[in-house]
Amino acid sequence: MRDILLGNRQIVDRIIAAIAPTNPEQHGTGDASQAADIRWAVEHSLHAAADSLTGRPHDDELLRASAVRRFEEGSSFSSVIAAYHRGVAVIWDQLRACAEEADASTLAECARLLFVHLERITSALAADFERTWTVSRLGERDARFAIFTALTQGGDAEGEAHRSGRTLASRYGIVVVRLRRSEDSSPGDVVARRETQRLRSAIDSVAGGEVLAVLGAAGGTALVPLRDGGDTIGDLRRALHTGFGRNCTGAWIEAGVSEIADALPVAEELLEIALAIRGEGAVYALDDLLLEYQSARPGPGRTLLARRIDGVSDELLQTVDAYLASGGDRRAAAASLHVHPNTVDYRLGRVLTLTGMEATTPEGAAQLRAARVANRLERAAHERLIG
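Cut-offs and rules
Residues numbered from 1 in each chain as written. Predicted model: local features only at pLDDT ≥ 70, side-chain atom pairs only at ≥ 80, totals over all residues. Heavy atoms only, no water. Helix = DSSP H or I, 4+ residues; strand = E, 2+ residues; numbered from the N terminus. Buried < 20%, exposed > 50% of the residue type's maximum accessible area, 1.4 Å probe, protein only. Areas by Shrake-Rupley, 256 points an atom, 1.4 Å probe, with all protein chains shown as cover. Lys, Arg positive; Asp, Glu negative; His and termini not counted. Charge placed at Lys NZ, Arg CZ, Asp CG, Glu CD. 1 Å grid on protein atoms, 1.4 Å probe; cavity = no way out; pocket = protein on both sides within 12 Å on 5 of 7 lines; lining within 4 Å. Points joined across faces, edges and corners; volume = space filled by probe spheres on them. Nonpolar A, V, L, I, M, F, W, Y, C, P; charged D, E, K, R; others polar. Salt bridge = Lys/Arg side-chain N within 4 Å of Asp/Glu carboxyl O. Pairing = 2+ DSSP bridges. Axes fitted to C-alpha atoms, helices over the stretch in contact; angles between N-to-C directions. Contact = heavy atoms within 4.5 Å. Core = buried A, V, L, I, M, F, W, Y, C linked by side-chain atoms within 4.5 Å.

Peer 1: I tried to follow the overall build of the protein on my own but got confused; where do I start?
Peer 2: Looking only at helices and strands, the protein has 17 helices and 5 strands in total. C-alpha extents for the protein along the principal axes are approximately 105 × 45 × 40 Å. Expressed as a percentage of its 387 residues, the buried residues of the protein come to 41%. Only carbon and sulfur atoms are counted for the fraction: they give 51% of the accessible area of the protein, which is about 20,600 Å². For the protein, the distance from the average position of its 44 positive side-chain charges to the average position of its 54 negative side-chain charges is 5 Å.

Peer 1: Even after reading the chapter, I still don't get the layout of surface pockets, so can you show me in this structure?
Peer 2: Gaps left between atoms are located by rolling a probe of water-molecule size over the structure's atoms. Volume-wise, the largest pocket comes out at about 510 Å³. In this structure, the largest pocket is lined by 18 residues; those nearest its centre are Arg137, Arg141, Arg144, Arg200 and Ala213. Listing elements by their share of the lining of the largest pocket, those giving two or more residues are helix H7 (104-153), helix H9 (188-204) and strand E2 (212-216). Residues of the lining of the largest pocket, tallied by class, amount to 9 nonpolar, 3 polar and 6 charged. The computed volume of the second largest pocket comes to approximately 210 Å³. Together, Ile277, Arg278, Glu292, Asp321, Leu324, Ala325, Arg369, Arg372, Val373 and Arg376 line the second largest pocket. When residues of the lining of the second largest pocket are traced back to their parent elements, those giving at least two are helix H11 (260-278), helix H14 (314-325) and helix H17 (362-386). It is H17 that provides the largest number of residues to the lining of the second largest pocket, a total of 4 residues.

Peer 1: Help me understand the pattern of salt bridges, please; the structure alone is not making it clear to me.
Peer 2: Think of it this way: side chains of opposite charge can pair up when their charged atoms draw near. Taken as a whole and assessed by the stated rule, the structure comprises 16 salt bridges. Ionic pairing is found between glutamate 160 and arginine 163, a salt bridge with its closest N-O pair at 3.4 Å. Note that glutamate 160 and arginine 163 are positioned in helix H8 (residues 157-163) at a spacing of 3 residues, about one turn of the helix. Take glutamate 160: its relative accessible area is 26%, and that puts it in the partly exposed class.

Peer 1: Quick question: what am I supposed to make of the sheet that holds strand E3 (residues 219-225) here?
Peer 2: Adjacent strands of a sheet pair through backbone hydrogen bonds, lying either parallel or antiparallel. Read across the open sheet, the 5 strands follow the order E2-E3-E1-E4-E5; overall the sheet is mixed. Each end of this open sheet is capped by a strand with a single partner; those strands are E2 and strand E5 (283-285). Averaged over all neighbouring strand pairs, the angle between strand axes comes to 20°, with direction disregarded. Across 7 bridges, strand E1 (residues 171-179) lies against E3 in antiparallel orientation. Residue pairing in the sheet places valine 175 in a bridge with alanine 222 of E3. Here H11 sits on the sheet in contact with E1, E3, strand E4 (248-256) and E5, set at roughly 155° to E4.

Peer 1: Quick question: what am I supposed to make of unusual backbone geometry here?
Peer 2: With a phi angle near 60°, histidine 338 is a residue other than glycine that sits in the positive phi range. By the secondary structure assignment, histidine 338 is in the loop between helix H15 (330-337) and helix H16 (341-355). Given a relative accessible area of 73%, histidine 338 falls into the exposed group.

Peer 1: Would you mind showing me how to read the nonpolar core here?
Peer 2: For soluble globular proteins, nonpolar side chains are generally found buried alongside one another. Within the largest apolar cluster, 31 residues are counted, with the highest numbers of intra-cluster contacts made by Leu151, Leu168, Tyr172, Ile174, Leu212, Leu223 and Ile260. Residue assignment for this core shows that the elements contributing at least two residues are H7, H8, E1, E4, H11 and H17. Top element by residues in this core is H11. It accounts for 10 residues. Ignoring any residue separated from it by four or fewer positions in sequence, one finds leucine 212 in contact with Arg144, Ile147, Phe148, Leu151, Tyr172, Thr221, Ala222 and Leu223.

Here you go:
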C-alpha cells in the first residue's frame, strides 16, 4: 500500500487540486497551487498517511508546524481540516482503484487506519489552532485593554490605538452595568462565563464599531462607539432587557474621546443613585436622574436633607413616594397603595407635622423629593460602610 501511494507522482497533483478550493487565498489556484511550499506540505502529509498504513512511526512536528503557519497567516481551522480530509479522500480513491477483489480485507483495514490517522492529525491540529488562537486573542485583548485604560484614565489613547492599528471613534457611549445573579443551577464558573458572554454580545449588538470593555458576571464598564444618527441607548435598553430583564441595571453617558475620563465617574455615580433610588431593571441616562444626581452632591446640605425625614415611618414615606409619582393625584396615589384617598390626606398631613414639608405644594414636593434622594443615598452609603 505504501508503494502505491509513494510510487505515483500524479497523486500529489491530484491532492493539491482537491485541496485548493478549501482556501484559494492560501493554496492558490492553477499554477499558483503548485507553489513549492504547498507541494512540500502535501508530499510530507502523503508520507505521513503512508506510514500510518504500514505502522511506521512518523514525526508530525513538521506537518503541524506547516499548519500553524497557515493559522498564523489567517487560515481558518475549518479550511485546514477540510484540506486534510480531502487529501485523505484522494488517497482512499487511489487505494480503492488499485485494489482487487482479494484485497477486500486489506482495503477495510486501510480504511480503519486512515480514520485513525485523521483522528490523530485532527486532534493535534485542533490543539495547535487553539494555542495559536489564544495567543492572538490575548494580543488583541491586551491592545483593547490598553486603549480602554488610556481612555478611562486620561492617557494617550490615540497613541495606543495607533500602535495596534486601530482607529478611535469620535464619540462613545459609556455604559456602566450591574447584573444581579440569575437563578441558574449550573456550576458557578459556567454561569460566570455564560453571563459575561451574553452581556458582551448584547452590548456589541448595538455598537457602531469595536466595543472596548471590561466585563464580568457581575457587570462592568463598556465604551460603545456611537453610530451616526442611531438611537444607541434605546437599542441598548432593548438588548439588555431582552437578555437580562430586571436583573440588569445600567447608567449611560455620551462623551468625546477627551471627555471619557471625566465622564466615567459620573456614570458610575448615576448607577449607584439608580440602584439606591429607582431600583433594578433599566438603563438610566443623566437626563433621567437630573434632580437625583444634583441632590446627591455630598456635603452638609445632603446630610441635613436626609435628616429631615429620619423620624418618618416607612408607611408615611411610601405614601409620599406614591403621591409624588402620581404627579399630585391623591386618588391615583390611594389606588396604588390600596387605601382610601382620605388616608393619603391624613398621612401627608402627618408628614407635614413631622418635617415641615408639605407635599401638596410645589415647594414642599420638591423639598420632599430631594430629601428622599438624600436619605436613600445616605442609607446606601451607611450600608456599604458597615457591610
